[in-house]
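Coordinates in review
The residues making up each chain are set out below.
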Amino acid sequence: LKVEFRISGTNSGIQYRSVEVPELGKWVLKGYQADIDFVGDYLGNVHEERGRKPGHVVLARRGQMTRIAAGPKYETLATIGDGTLLKGVVNINGWNRYHIIARGPVLMQIINGQLMGVTIDEDTRNFVPEGLLGLQMHVGPPFKVEYRNILYWQLGS
């Protein structure tokens, strides 16, 4: 998935390989999430919304490569870069490019051409190989999130 986004405040995200949770409300999803936030504190993190644990779980912080084994057991494999310095590739108040690669158990998130976070999900009991895409709008104070130039490519397409 490649998409450009711009956000004016608070927090949002892109859900992928997700499933609907109708008991929580219309259009509520659970699954992997590429985080987006206005100040860049979470931008680039690989999250899991309503997955293995209640709420959301950070699978890989910006600048990390992680592995999830059965259990689930979480392990940091490598450092891609300094999470604080990686915030420098983000255009606050402007348009940014998110590139999400989800191939098998490997989840890669790239912003403006910079690899931000990688998770290798080998927890076969909880791993999700496919699902829905969702452009998230967080609850909270009023803000605007915009998406454009959305390109989705599915392996084998």
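Above this text you will find the structure in question.
Computed from a prediction, not measured in an experiment: that's the story for all the values here. (Residues numbered from 1 in each chain as written. Predicted model: local features only at pLDDT ≥ 70, side-chain atom pairs only at ≥ 80, totals over all residues. Heavy atoms only, no water.)

**Some words on the nonpolar core**
- Counting residues in hydrophobic clusters, the biggest one holds 25 residues, and the most contacted among them are Ile14, Tyr16, Ile36, Leu43, Tyr98, Ile100 and Tyr147.
- Counting residues per element, the ones that place at least two in this core are strand 1 (2-7), strand 2 (11-20), strand 3 (29-37), strand 5 (56-60), strand 8 (96-103), strand 9 (106-111) and strand 12 (145-151).
- When near neighbours in sequence (up to four residues on either side) are disregarded, isoleucine 36 contacts Phe5, Ile7, Asn11, Ser12, Gly13, Ile14, Leu43, Tyr98 and Tyr147. (Core = buried A, V, L, I, M, F, W, Y, C linked by side-chain atoms within 4.5 Å. Buried < 20%, exposed > 50% of the residue type's maximum accessible area, 1.4 Å probe, protein only. Helix = DSSP H or I, 4+ residues; strand = E, 2+ residues; numbered from the N terminus. Contact = heavy atoms within 4.5 Å.)

**Some points on the pairing of strand 2**
- The buried count for strand 2 comes to eight of ten residues, which makes it a mostly enclosed element.
- Sheet topology note: the strand 2/strand 3 ladder contains eight bridges and is antiparallel. Each bridged residue has a counterpart across the sheet, and for isoleucine 14 the counterpart in strand 3 is alanine 34.
- Relative to strand 11 (residues 132-137), strand 2 runs antiparallel, the two sharing five bridges. Bridged to serine 18 within strand 11 is leucine 132. (Pairing = 2+ DSSP bridges.)

**Here we look at the sheet that holds strand 10 (residues 114-121)**
- As summarised here, the arrangement of the seven strands in space is 7-6-10-9-8-1-12, forming an open sheet in which the pairing is mixed. In this open sheet, the two edge strands, each paired with only one partner strand, are strand 7 (73-79) and strand 12. The sheet shows a mean angle of 20° between the axes of neighbouring strands, taken without regard to direction.
- Across six bridges, the pairing between strand 6 (residues 64-69) and strand 7 is antiparallel. What sits directly across from alanine 69, in strand 7, is lysine 73. (Axes fitted to C-alpha atoms, helices over the stretch in contact; angles between N-to-C directions.)

**A word on the pattern of salt bridges**
- Following the criterion strictly, the structure yields five salt bridges and no others.
- Arginine 148 serves as the salt-bridge partner of glutamate 4, at 2.5 Å between the closest nitrogen and oxygen. Of the two residues, glutamate 4 is situated in strand 1 and arginine 148 in strand 12; the sequence distance between them amounts to 144 residues.
- Residue arginine 67 pairs with glutamate 122 through a salt bridge whose shortest N-O separation is 2.5 Å. One end of the pair, arginine 67, is in strand 6; the other, glutamate 122, is in the loop between strand 10 and strand 11, with 55 residues separating them in the sequence.
- Residue glutamate 122 is classed as partly exposed on the basis of its relative accessible area of 37%.
- Through salt bridges that share partners, Arg67, Glu75 and Glu122 make up one connected network. (Salt bridge = Lys/Arg side-chain N within 4 Å of Asp/Glu carboxyl O.)

**Examining the packing of aromatic side chains**
- Overall, the coordinates contain two aromatic pairs when judged by the stated rule.
- Geometrically, the ring pair formed by phenylalanine 5 and tyrosine 98 is tilted, given 5.6 Å between the ring centres and 40° between the ring planes. With phenylalanine 5 in strand 1 and tyrosine 98 in strand 8, this residue pair connects regions lying 93 residues apart in the sequence.
- Judged by relative accessible area, phenylalanine 5 falls into the buried class, the value being 1%.
- Residue classification places tyrosine 98 among the buried residues on the basis of a relative accessible area of 0%.
- The interplanar angle of 35° and the centroid separation of 5.9 Å between the aromatic rings of tyrosine 16 and tyrosine 32 together place this pair among those described as tilted. Placement of the pair is tyrosine 16 in strand 2 and tyrosine 32 in strand 3, with a sequence separation of 16 residues. (Phe/Tyr/Trp six-rings, centres within 6.5 Å; stacked < 30°, edge-to-face > 60°.)

**A look at unusual backbone geometry**
- Here the residue pair glycine 71 and proline 72 is connected by a cis peptide bond, since its omega of -5° sits within 30 degrees of zero.
- Tracing the backbone through its elements, the reader meets proline 72 in the loop between strand 6 and strand 7.
- At asparagine 93, a position not held by glycine, the phi torsion is positive, near 75°.
- With phi around 50°, asparagine 112 is a residue other than glycine that occupies positive phi space.
- Relative to the elements of secondary structure, asparagine 112 occurs in the loop between strand 9 and strand 10.

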